[in-house]
Structures are given as structure tokens and as C-alpha cells.
Amino acid sequence: MTMALNLAHQTGAAAAVVAAPAAPRSAVIAAAATVAPSAAAPVSAPALQMQTVTVDPAQAPDAAVKPDLAMACQALVEGSAAPEAEHADAAAAEARSRAAGVPVFVMMPLDTVRKDGSGLNRRRAVEASLAALKSAGVEGIMVDVWWGIAEAEGPGKYNFNGYMELMEMARKTGLKVQAVMSFHQCGGNVGDSVTIPLPKWVLEEMDKDQDLAYTDRSGRRNYEYVSLGCDALPVLKGRTPIQCYADFMRAFRDHLATFMGNTIVEIQVGMGPAGELRYPSYPESNGTWSFPGIGEFQCYDRYMLSSLKAAAEAVGKPEWGNAGPGDSGGYNDWPEDTPFFRREGGWNTEYGQFFMSWYSQMLLEHGERILSAATGVFTASPGVKVSVKVAGIHWHYGTRSHAAELTAGYYNTRHHDGYVPIARMLGRHGAVLNFTCVEMRDHEQPQDAQCRPEALVQQVAAAARDAGVGLAGENALPRYDETAHDQVVATAAEKQAEEERMVAFTYLRMGPDLFQPDNWRRFAAFVKRMTGAGGARDKCREQVEREAEGVAHATQPLVQEAAVALTN
């Protein structure tokens, strides 16, 4: 499969075929994505005190590892595997790293932990992979902590055994960890190579009351994530969704207390489908949506409609509270196909402004509630940052209405900045804004779809600076070519002012393709350029690449082992 069609991405609607600038609309079949804006003032979060029932983690199983591999791992990480004893040391190390460049993390496979939570899939491959990543200068890894795995047995019954095994392995290797609190379903988005549904007991409640699921105008239900319309209602076996998320995070913190702040340095809090703060406006399951469709509003469950009705009555326009815009088209329409999103459409009327303000406000308040819970849990863990992912919806960004962003909940138009309110909300909680599509260039995207990933990244970066929050990045698609690497380095690392550099970059994704010889060599050079290791920023590109050749050669046995084990 070609690079352009390699679509593994855990978080966001991503999918892209690089099209020539003059490509006709009919030629636009699939392309990349992931962005977002939003606006509105938040509300204070309710008190989230709830007794957590925990289970004692079992001992991680000892998997057989070949002696030569074990020796290679030990040799590669000798002297760097000891965990930092003090959080102050971790902070100092981070400051030094920040001064040098941008630390690079690598996303782990979606199915790193077994579905029963008991341990790791492909343990030997994980061990070899981590050792290879460490030798290349990678700062750490990112892993999804799936709600559907760790609390699968019943409300308040947690099993973090597999994750504990991974954290121990990362600590011994000398790698940091970004842990994603994944409260969404895996499956239904581009790159979702496995299916991990929400916990069975949650789905039972959603089956009993289908309005707990996001719903579109046609009544189609989406089971990727519990509707934010019922955030504060005790609809999940007597607990509210926010209480469930808070209890889960608290249990994770308690079970993995010895890793917090030294190995686990970041908690990314899932807030919607694909882990992103957005509505499921562009679901790919069952062919519902395909790039570059504008998507549909997700406000038709009875809880969302109740809120809309109250908001309309509050502004003296009760007729606006019965439903969302009736002329906003379908999932695969283009803006000009619809009266609401066309150039001078309903989006820019008094009604459109009311609806979009309400719709985006609901998303912001959802984010505020979860962040309040998360910061309340992790404040007791010095050295641990909290972050939130915002989707990179770059298609139709060049139009006036930004239709695809609007249906996702980002009130970003030609006349309204949707990212500043999100950044300011994150700033109130000291959270990092994690954004994607950093590797994309405008001219690589279908021009007739008005894709503007570079302008979008610039807008989000400006919003983060305005709010005084750290900006982290990811690539939306698996890319192993130097063109993509150049774009990431230019966007994330090559900044004169330290405050303009990204605080971290997470590379999508660890797998057999990454460990192919040419890809691995280019990746090693990329890490050197990002981090500035060995004065890479002051060296010519050829010199950095020569040094990367040395890394690739030294790690060849580990890389070959990892590639084979990950493939099987």
C-alpha cells in the first residue's frame, strides 16, 4: 500500500490522498483531516466526589524474552533507565529538554494491551521497540488507556494490570509515558485497526435509553462516546458520566502511583470521539461519512434538544429551540450544496449565530467539566501535565463558513475565531493544547476542497499563545518521508523564540512500517533535528543524517526483531 493510503490514525478523522492542485472535485476520493475551533464561556463544574471501588492489580506475567534481545535492551539503555527520584529533577530535565528543542514521543499500537486487560500483546515486540526508540533519542511513548478494557468488568471494577506492565517496561527502558484516558470507542474512525467498544455495562444503559448516544437529524445513533447532553445526570448505573470519568482517572492515579510524575508525565484526557474535544460529526463507520464531506450536527438526542429549547426560550426565540438547522445538508455534501453553509448562508444570520454559539458552548462546558475533574485528580501528582486534543479539521477551511468545523462544534468562521475560547478554557486549568495535522502542507491537499492545514495550524498556535497555554503537536497520517519531517520540524521546532516552539510532538505510530530500514533511518534523523540532540540544530542536514545512519546501524538487530514481532 502506498504511503498516501496508509491511514492509521487513532484520534481524528484522518485520511488523505495527496491530490494535484488542479484535481477536479470528482477526483477527491479520500484525504486527511483533523482540526477544530470552538467558542463560549464555560460554567463551573459540579462537585465530583464519588467513592471509587478498586481491585488489587495482579503481578505482571513474566514473558519469555530471548537472552540476546534482553542483553541488547540492557546495553542500549545502560545508565539511562533509572527513574528520577524527585519530581524536581523531572522538571529540571524538562526545562533542559525544552531549551534544546522539542521532545518526541511515539504512539503505541491501539491494541498494546490485551482486551482482557491482563497483560501486553506481543510483549517481545514491545520490549524491542522501546529499546530501539530510546536509542534513537525518543523522549517517550503515548498509549491509550481504554475505558472499555480497564473498567470492563463492571462499574468501579478496574483492571490496570496490562498498563502497569507497560509502565514498568517503559521505566526500565528510561522512557516517559503520555497516558490517554480513552473514554471513547476504538473503531469507526480512520486507522482504527481494532475494535474496543465502551464498557458493556455502559452500552447496556445506552441500549435502554438510546438518547444517551449522540444523534443526528435522521435519528442515527452514535455509540462512540456518551452524549455530553447528559454529563451531569446519573444515567450510568447511578453515576453521571463525569463522575465515571473522574473515578476512572482517580483509580488510574492510585493504581499507578509509583509511576506518576517520573514515568507518567502527561495525562491526555479524552473528551469525545477519537479522544478529541468535538462532536462525532464525521463518522466513517458503515460509510456514513467520507472525506471531504461537511458532516452533520449531532444535537438530536433528547438531552441536547432540551438544552437547545431552554437556550432559545432564554433569548426570546422559542421557535429556534425545536431542532438544529433544517437546511444544513448531509454528511457528504459540500458547503455550496446547502443553504445554511453556502457563502452567504444561514450560518451568518442571527439564527445561525445563536445556534452555533449554543452548540459550541455545550462543547466548551463539557470540556470544562472534565478538565475540572482531571485537574482535581492529578493536582496531587507533581510532574504530571494534563492535555486535551483538538481535532485538525482542515477541509473547507478556506470557505467563509468553515462548515466541517461548525458541525464538529468549533465555531470558527470567516468572522468568528473558534480556537481562542478553547485555548482560554484550557488555560484556566493549566492544560496543554494538543493539535494534529502538523505534517501537512496546503499544496498536498485537494484544492477544490479548500483544505488549508498550514493556516489552521497557524491559527491554533496563535490562539495558544494568546491564552498562554502550551501547544503540542501530532501528525495526522503515518508519514515516513523527509518532506513531512521537514514540515514538522519547521512548524514545531525551528522557532527562534522558545515560547513559540511546541512543548512536545507525538509521532504516529509505532508499527512494522516505522521499523523498515529506510523509514527508521529517516526517523532517527528526524528525532535528532527535533530535539537538537548533539547540536543537531547547528549541523548541516547531511551531517545529521550521517549520525542517524550510525543509530540505524547500531539498532538494526532490535529494529528487525521489532518489525517481525509486530507483523506477526
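From a predicted model like this one, the values you see are computed outputs, not experimental measurements. (Residues numbered from 1 in each chain as written. Predicted model: local features only at pLDDT ≥ 70, side-chain atom pairs only at ≥ 80, totals over all residues. Heavy atoms only, no water.)

Trainee: Quick one: what's the story with the overall build of the protein chain, residue by residue and with numbers?
Mentor: Secondary structure assignment for the protein chain yields 16 helices and 10 strands. Here the protein chain, with 568 residues, has 61% of them falling under the buried criterion. When the accessible surface of the protein chain is totalled, it reaches about 20,300 Å², and 50% of it is carbon and sulfur. (Helix = DSSP H or I, 4+ residues; strand = E, 2+ residues; numbered from the N terminus. Buried < 20%, exposed > 50% of the residue type's maximum accessible area, 1.4 Å probe, protein only. Areas by Shrake-Rupley, 256 points an atom, 1.4 Å probe, with all protein chains shown as cover.)

Trainee: How would you explain the packing of aromatic side chains if you had to name every residue and give the values?
Mentor: Enumeration according to the criterion identifies 35 aromatic pairs in this entry. Note on Phe 160 and Phe 248: the rings are 5.5 Å apart at their centroids and 70 degrees apart in plane angle, and the pair reads as edge-to-face. Of this pair, Phe 160 sits in the loop between helix H4 (147–150) and helix H5 (161–173) while Phe 248 sits in helix H7 (residues 241–255), and the two are 88 residues apart along the sequence. Residue Phe 160 shares its accessibility class with Phe 248, and that shared class is buried. Considering the side-chain rings of Phe 297 and Phe 355, the 4.9 Å spacing of their centres and the 80 degrees angle between planes classify their relative orientation as edge-to-face. Pair noted here: Phe 297 is in the loop between strand S6 (264–269) and helix H8 (302–314) and Phe 355 is in helix H9 (residues 350–378), with a separation of 58 residues, a long-range link. (Phe/Tyr/Trp six-rings, centres within 6.5 Å; stacked < 30°, edge-to-face > 60°.)

Trainee: I'd like a rundown of the nonpolar core, residues and numbers included.
Mentor: Phe 160 and Phe 252 are the most contacted members of the largest nonpolar core, which has 167 residues in total. At 15 residues, H9 tops the list of elements feeding residues into this core. For Phe 160, the residues in contact, after removing those within four places along its chain, are Val 145, Ala 150, Phe 248, Ala 251, Phe 252, His 255 and Leu 256. Of all hydrophobic cores here, the second largest spans 6 residues; its members include Phe 105, Val 265, Val 432 and Val 503. (Core = buried A, V, L, I, M, F, W, Y, C linked by side-chain atoms within 4.5 Å. Contact = heavy atoms within 4.5 Å.)

Trainee: An account of the environment of Val 489 is needed here, citing residue identities and associated values.
Mentor: Take Val 489: it is sitting in helix H13 (residues 482–493). Sequence separation between Val 489 and Thr 531 is 42 residues, and the spatial gap between their C-alpha atoms is 9.6 Å.

Trainee: Could you give an account of the confidence of the model for the protein chain, naming the residues involved and the relevant values?
Mentor: Chain-level statistics for the protein chain give a pLDDT mean of 85 and a share of 80% at 70 or above. When the criterion is pLDDT under 50, residues 1–91 qualifies, and its contacts beyond four places in sequence or with other chains add up to 261 contacts. Low pLDDT, under 50, characterises residues 93–98; the stretch is placed with 9 contacts to residues that sit more than four places away or in other chains. (pLDDT = per-residue confidence, 0-100.)

Trainee: Give a detailed account of the UniProt feature "binding site: substrate" (unreviewed entry) in the protein chain, specifying residues and quantitative values.
Mentor: Using the residue numbers shown here, the UniProt feature "binding site: substrate" (unreviewed entry) corresponds to Asp 144, His 184, Asp 192, Lys 389, His 394, Thr 436, Asn 475, Ala 476 and Arg 509. Checked against the element boundaries, Lys 389 lands in strand S7 (residues 385–390). (UniProt positions renumbered as here; feature names shortened; annotations may be inferred.)

Trainee: An account of the packing of H9 against helix H11 (residues 419–427) is requested, with residue identities and associated values reported.
Mentor: For any two helices packed against each other, the geometry comes down to the angle between their axes and how far apart the axes lie. Where H9 contacts H11, the two axes come as close as 10 Å, and the packing angle between them is 15 degrees. Taken together, H9 and H11 sit at an angle that is classed as roughly parallel. In this structure, H9 meets H11 at a crossing whose hand is right-handed. Facing Leu 364, Gly 367, Glu 368 and Leu 371 of H9, the residues of H11 in contact are Pro 421, Ile 422, Met 425 and Leu 426. When the residues that make up the contact of H9 with H11 are grouped by side-chain class, the tally is 6 nonpolar, 1 polar and 1 charged. (Axes fitted to C-alpha atoms, helices over the stretch in contact; angles between N-to-C directions. Parallel < 35°, antiparallel > 145°, perpendicular 65-115°, else oblique. Left-handed = near helix turned anticlockwise from the far one by under 90°. Nonpolar A, V, L, I, M, F, W, Y, C, P; charged D, E, K, R; others polar.)

Trainee: Residue-level account of the pattern of salt bridges, with values.
Mentor: The full count for this structure, using the stated rule, is 28 salt bridges. Here Glu 168 makes a salt bridge to Arg 171, at a shortest N to O gap of 3.1 Å. A residue pair is termed a helical-turn pair when its members lie 3 or 4 positions apart in one helix, as Glu 168 and Arg 171 do in helix H5 at 3 residues. Note on Glu 168: relative accessible area 27%, which makes it partly exposed. Arg 239 is the partner of Asp 247 in a salt bridge, and the nearest nitrogen-oxygen pair spans 2.9 Å. There is no split in this pair, since Asp 247 and Arg 239 are both buried. (Salt bridge = Lys/Arg side-chain N within 4 Å of Asp/Glu carboxyl O.)

Trainee: Break down the UniProt feature "active site" (unreviewed entry) in the protein chain for me, citing the residues and quoting the values.
Mentor: Feature annotation in UniProt places "active site" (unreviewed entry) on Glu 276 and Glu 474, given in this structure's numbering. A maximum C-alpha distance of 12.7 Å among these annotated residues, which run over 199 residues, shows that they cluster at one spot. Summarising the element assignment, Glu 474 is placed in strand S9 (residues 471–474). The class of Glu 474 is buried, set by a relative accessible area of 0%.

Trainee: So, the environment of Arg 400: which residues are in play, and what are the values?
Mentor: Here Arg 400 is to be found in the loop between S7 and helix H10 (403–408). By relative accessible area, Arg 400 is classed as partly exposed at 22%. Leave out the neighbours within four places in its chain, and Arg 400 touches Arg 343, Glu 344, Trp 347, Thr 413 and Arg 414. Side chain to side chain, Arg 400 and Glu 344 meet in a polar contact 3.3 Å long. (Polar contact = N/O pair within 3.5 Å; in protein donor to acceptor, adjacent residues only side chain to side chain.)

Trainee: I'd love a proper account of the side chain of Asn 434, names of residues and values included.
Mentor: When you line up the elements, Asn 434 lands in strand S8 (residues 432–435). Taking relative accessible area as the criterion, Asn 434 reaches 0% and is therefore assigned buried. Those residues in contact with Asn 434, other than ones at most four positions away along the chain, are Gln 268, Val 388, Lys 389, Val 390, Ala 472, Gly 473 and Glu 474.

Trainee: With reference to specific residues and values, describe the sheet that holds strand S2 (residues 140–146).
Mentor: The strand order around the closed barrel formed by 8 strands is S1-S2-S3-S6-S7-S8-S9-S10, and the pairing between neighbours is parallel. The sheet shows a mean angle of 30 degrees between the axes of neighbouring strands, direction not considered. As paired elements, S9 and strand S10 (residues 504–507) share 3 bridges and run parallel to each other. Bridge pairing links Gly 473 to Phe 505 in S10. Along the sheet, H7 makes contact with S2, strand S3 (176–182) and S6, crossing S3 at roughly 155 degrees. Contacts between helix H12 (residues 453–467) and the sheet are confined to S8 and S9, with S8 contributing the most and set at about 180 degrees to the helix. (Pairing = 2+ DSSP bridges.)

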